[in-house]
Amino acid sequence: MRRISRRSFLKFTAGLGAAGSLLPLRGALARSPFAGFPAPSAAGSGGPIVVSTWKHGHPANDAAWRILAGGGAALDAVEAGVRVSEGDPGVNGVGYGGLPDEDCTVTLDASIMGPDYRAGAVAFIESYRHPISIARKVMETTDHVLIVGAGAEEFARKHGFEREELLTEAAREAWIKWKQRMSDTDDWFPKDLDHDTIGLVARDAAGDLAGACTTSGLAFKIHGRVGDSPIVGAGMYVDNEVGAAAATGKGEEVLKTCGSFLVVEFMRQGLSPRAACKKALERIVKKHAAKPAFQVAFIALSKEGEVGALSLQKDFQYAVAVDGKNELIDAEYLL
Ligand code: GLY
């Protein structure tokens, strides 16, 4: 069986894109009562707020909210929130139960950032269920920001984190199915899988912001591939004077535009969180000659407590917890 390599495929499709034309952006078709507007009572309330990506952001928000409702810090809340997705074997894009790479190895990426401009991250790490807590340990016990691969695993071991098998039976079966489906014409990319990284940003009762992002990355990726999630400024960014943002979707696109940093910078210039997400997505679209078929989505939270989110394609959902109420929202989309 002859296989087209992923690298050739990427070059090939990039060539197709350059030959195509940029289709006009359509207005958003999916609207929710919250979409693009401050969550109810959020703006100006001064109280805690949690915003996260995807359906599994909803239980993550609950965990984060419990901490904030008890007067806890945003940093503790974001870590506790995303740990819920990391530990859930039913979430196939994060932590335990995450889909493996092409070698059938689960490798994880995570980053965390607090209100004091400190950040920590790990990437390409195997065998630890909660990379977000290792990222926090990097932030709090070193002057480094990012530790990768075997070095990150050794760091985790030395700090007492427990090694464990992260490949679930369901994830192994999904890998076998993917492998069996490959043919001469296969592009090696999974067709029917969500890419459901969790990004979670929060403001605590003191008005301080924090963010966390954690993922198993692109399903069946090349061994060693790292996406946007552990890169501070790409997958997640916090500026306690301005706001916080996080990304999900095709990490390569978010990396090249420094996506979450860009969203926060647009907020700094006075744009609402929703408008900032839109402008960052438009930057991605502009860099492609043809209408992108991939998904990217941003969530954003301003210092004032305004919430915004937007995706390129339909079917992105985000969760907002405010005033003790946690809502899953269908996001507006751009294309
Ligand atoms: N956005 C997650 C990744 O591309 O790895």
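See above for the structure.
Procedures and definitions
- Residues numbered from 1 in each chain as written.
- Predicted model: local features only at pLDDT ≥ 70, side-chain atom pairs only at ≥ 80, totals over all residues.
- Heavy atoms only, no water.
- Pairing = 2+ DSSP bridges.
- Helix = DSSP H or I, 4+ residues; strand = E, 2+ residues; numbered from the N terminus.
- Axes fitted to C-alpha atoms, helices over the stretch in contact; angles between N-to-C directions.
- Patch = residues over 30% accessible without salt bridge, like charges linked within 9 Å, V, L, I, M, F, W, Y side chains within 5 Å.
- Areas by Shrake-Rupley, 256 points an atom, 1.4 Å probe, with all protein chains shown as cover.
- Salt bridge = Lys/Arg side-chain N within 4 Å of Asp/Glu carboxyl O.
- Buried < 20%, exposed > 50% of the residue type's maximum accessible area, 1.4 Å probe, protein only.
- Near = heavy atom within 4 Å.
- Polar contact = N/O pair within 3.5 Å; in protein donor to acceptor, adjacent residues only side chain to side chain.
- 1 Å grid on protein atoms, 1.4 Å probe; cavity = no way out; pocket = protein on both sides within 12 Å on 5 of 7 lines; lining within 4 Å.
- Sits in = over half its atoms within 2 Å of the grid points.
- Nonpolar A, V, L, I, M, F, W, Y, C, P; charged D, E, K, R; others polar.
- Parallel < 35°, antiparallel > 145°, perpendicular 65-115°, else oblique.
- Left-handed = near helix turned anticlockwise from the far one by under 90°.
- Contact = heavy atoms within 4.5 Å.
- Core = buried A, V, L, I, M, F, W, Y, C linked by side-chain atoms within 4.5 Å.

**With respect to the sheet that holds strand β7 (residues 236–239)**
Spatially, the four strands line up as an open sheet ordered β7-β8-β9-β10, and their pairing is antiparallel. Strands at the two margins of the open sheet, each flanked by one partner only, are β7 and β10 (307–311). The mean inter-strand angle of the sheet, taken between neighbouring strand axes irrespective of direction, is 10°. Relative to β10, strand β9 (residues 296–302) runs antiparallel, the two being bridged by five bridges. Residue pairing across strands places A300 opposite G308, the latter belonging to β10.

**Section: a nonpolar patch on the surface**
A contiguous nonpolar surface patch, about 220 Å² in accessible area, is contributed by V145, L146 and V148. Under the relative-accessibility criterion, V148 is labelled partly exposed at 45%.

**Here's the deal with the site of the ligand**
In the vicinity of the ligand, 10 residues are found, and the nearest of them are T197, R225, D228, G249 and G251. The separation between a nitrogen atom of the ligand and a polar side-chain atom of D228 is 2.7 Å. One of the backbone nitrogen or oxygen atoms of G251 is found 2.9 Å away from an oxygen atom of the ligand. When atoms are counted within 2 Å of each cavity's grid points, the one that captures over half of the ligand is the largest cavity. Residues belonging to the shell around the ligand are distributed by class as follows: one nonpolar, seven polar and two charged.

**A word on the packing of helix α8 (residues 259–268) against helix α9 (residues 273–286)**
It is at 8 Å that the axes of α8 and α9 come closest, and there the two elements cross at 135°. With respect to α9, the axis of α8 lies oblique. Taken as a pair, α8 and α9 cross one another with a handedness that is right-handed. Within the contact between the two elements, α8 uses G259, L262, V263, F266 and M267 and α9 uses P273, A276, C277, K279, A280 and R283. In terms of residue class, the contact of α8 with α9 is made up of eight nonpolar, one polar and two charged.

**Some words on the nonpolar core**
Counting 48 residues, the largest nonpolar core has V51, V263, F298 and Y318 as the members making the most contacts within it. Counting 35 residues, the second largest nonpolar core, distinct from the first, contains A60, W65, L75 and A110.

**Details of the pairing of strand β12 (residues 325–330)**
Of the strand pairs in this sheet, strand β11 (residues 317–322) and β12 are connected by six bridges, and their pairing is antiparallel. Across the sheet, the residue bridging to A321 is N326, located in β12. Linking β11 back to β12 in an antiparallel pair, the connection comprises two residues, with D323 at a positive phi of about 50°.

**Quick notes on helix α4 (residues 131–141)**
Of all 11 residues that make up α4, eight are buried, and the element is covered over most of its length. Residues of α4 that are buried include every one of P131, I132, S133, I134, A135, R136, V138 and M139, and no others. Those residues of α4 that are buried are in contact with α3 (74–87), β2 (108–113), β3 (119–125), β4 (146–148), α5 (149–158) and β6 (209–215).

**Quick notes on the sheet that holds β6**
Pairing is mixed in the open sheet, where eight strands are placed in the order β4-β3-β2-β6-β5-β1-β11-β12. At either margin of the open sheet sits one strand with a lone partner, and together these are β4 and β12. Sheet twist, expressed as the average angle between the axes of neighbouring strands with direction ignored, equals 10°. Summarising the sheet, strand β5 (residues 198–203) and β6 pair through six bridges and their orientation is antiparallel.

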